[in-house]
Structure formats: C-alpha cells, structure tokens
Amino acid sequence: TVSAGPANSSGYLAVCSLADETPYFGGLAFVDLSKQVQLLQLQSNASGVATVGLSIPNSASLVGSEYYLQAAILDGTQPAGWAMSHGLRALIGD
C-alpha cells in the first residue's frame with residue numbers, strides 16, 4: 001500500500017534484486033532499476049492510496065532471497081513530476 005500520494009494518479013512499483021541510491025525523478029531511487037524483477041502498475045484512489053498485491057510462490061528455494069521495492073507515482077506538484085516512496089527491503093523467510 002502506498003499512501004499520502006496524489007488523488008487518482010498512476011504510478012509504478014518496482015521490485016528489484018539489488019538496492020541502489022541514485023538520483024532519479026528529482027528524488028532518490030533506492031532500487032537498482034537495471035536489476036528489475038517485476039514492474040507493477042499502481043492507481044491511487046480519491047484519497048491518494050494505491051494498493052497492489054504480490055504473490056510469492058511456495059518454494060523453499062526462495063527462503064533467504066532479498067528484494068528491494070520502491071513506488072513512484074505521477075505528481076504534478078513535484079519538480080520532476082513524480083513522487084517517490086521510501087525504499088523497502090523484503091527478506092523471504094520461513
């Protein structure tokens with residue numbers, strides 16, 4: 001869930017296999033976009049909240065895997081036109 005975004009706006013959630021800290025869209029990208037695993041579309045509602053579901057396969061081979069996620073949503077009030085979330089590190093465990 002992404003909250004406090006602009007109302008009724010489109011965006012993306014990037015799921016990457018590596019973290020990074022690179023200037024991007026007037027903010028910082030905390031994901032390495034060259035190591036993107038999945039790119040999901042987001043759409044915020046009238047309250048500025050966007051929700052997307054992620055499925056994780058039931059596979060022991062994934063235990064210990066790390067992924068890095070960050071959302072970006074169109075926002076005309078931002079200098080480069082995008083608002084970006086904080087980065088998130090997800091560790092798959094048992």
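Residues numbered from 1 in each chain as written. Predicted model: local features only at pLDDT ≥ 70, side-chain atom pairs only at ≥ 80, totals over all residues. Heavy atoms only, no water.

A. Region of interest: the pairing of strand 5 (residues 66–74). As paired strands, strand 1 (residues 10–16) and strand 5 are joined by six bridges and run antiparallel to one another. Paired with Gly-11 across the two strands is Ile-73, which belongs to strand 5. When strand 5 meets strand 7 (residues 88–91), the two strands line up antiparallel, connected through four bridges. When the sheet's bridge partners are listed, Tyr-67 is paired in strand 7 with Ala-90. (Pairing = 2+ DSSP bridges. Helix = DSSP H or I, 4+ residues; strand = E, 2+ residues; numbered from the N terminus.)

B. A look at the side chain of Ser-9. Tracing the backbone shows Ser-9 in the segment before strand 1. Of note is the side chain of Ser-9, whose polar atom sits 2.5 Å from the backbone oxygen of Leu-74. Setting aside its immediate chain neighbours within four residues, Ser-9 contacts Leu-42, Gln-43, Ser-44, Ile-73 and Leu-74. (Polar contact = N/O pair within 3.5 Å; in protein donor to acceptor, adjacent residues only side chain to side chain. Contact = heavy atoms within 4.5 Å.)

C. Broad picture of the nonpolar core. Counting residues in each nonpolar core, the largest one holds seven residues, listed as Leu-13, Val-15, Leu-40, Leu-42, Ala-50, Leu-69 and Ala-71. At the level of secondary structure, the elements contributing two or more residues to this core comprise strand 1, strand 4 (36–43) and strand 5. Leave out the neighbours within four places in its chain, and Leu-13 touches Gln-38, Leu-39, Leu-40, Leu-42, Val-52, Leu-69, Gln-70 and Ala-71. (Core = buried A, V, L, I, M, F, W, Y, C linked by side-chain atoms within 4.5 Å. Buried < 20%, exposed > 50% of the residue type's maximum accessible area, 1.4 Å probe, protein only.)

D. Broad picture of the environment of Arg-89. For Arg-89, the position within the fold is in strand 7. Separated by 73 residues in sequence, Arg-89 and Cys-16 have C-alpha atoms that sit 9.7 Å apart. Those residues in contact with Arg-89, other than ones at most four positions away along the chain, are Glu-66, Tyr-67 and Tyr-68. Reaching out from Arg-89, the side chain makes a polar contact with the side chain of Glu-66 at a distance of 2.5 Å.

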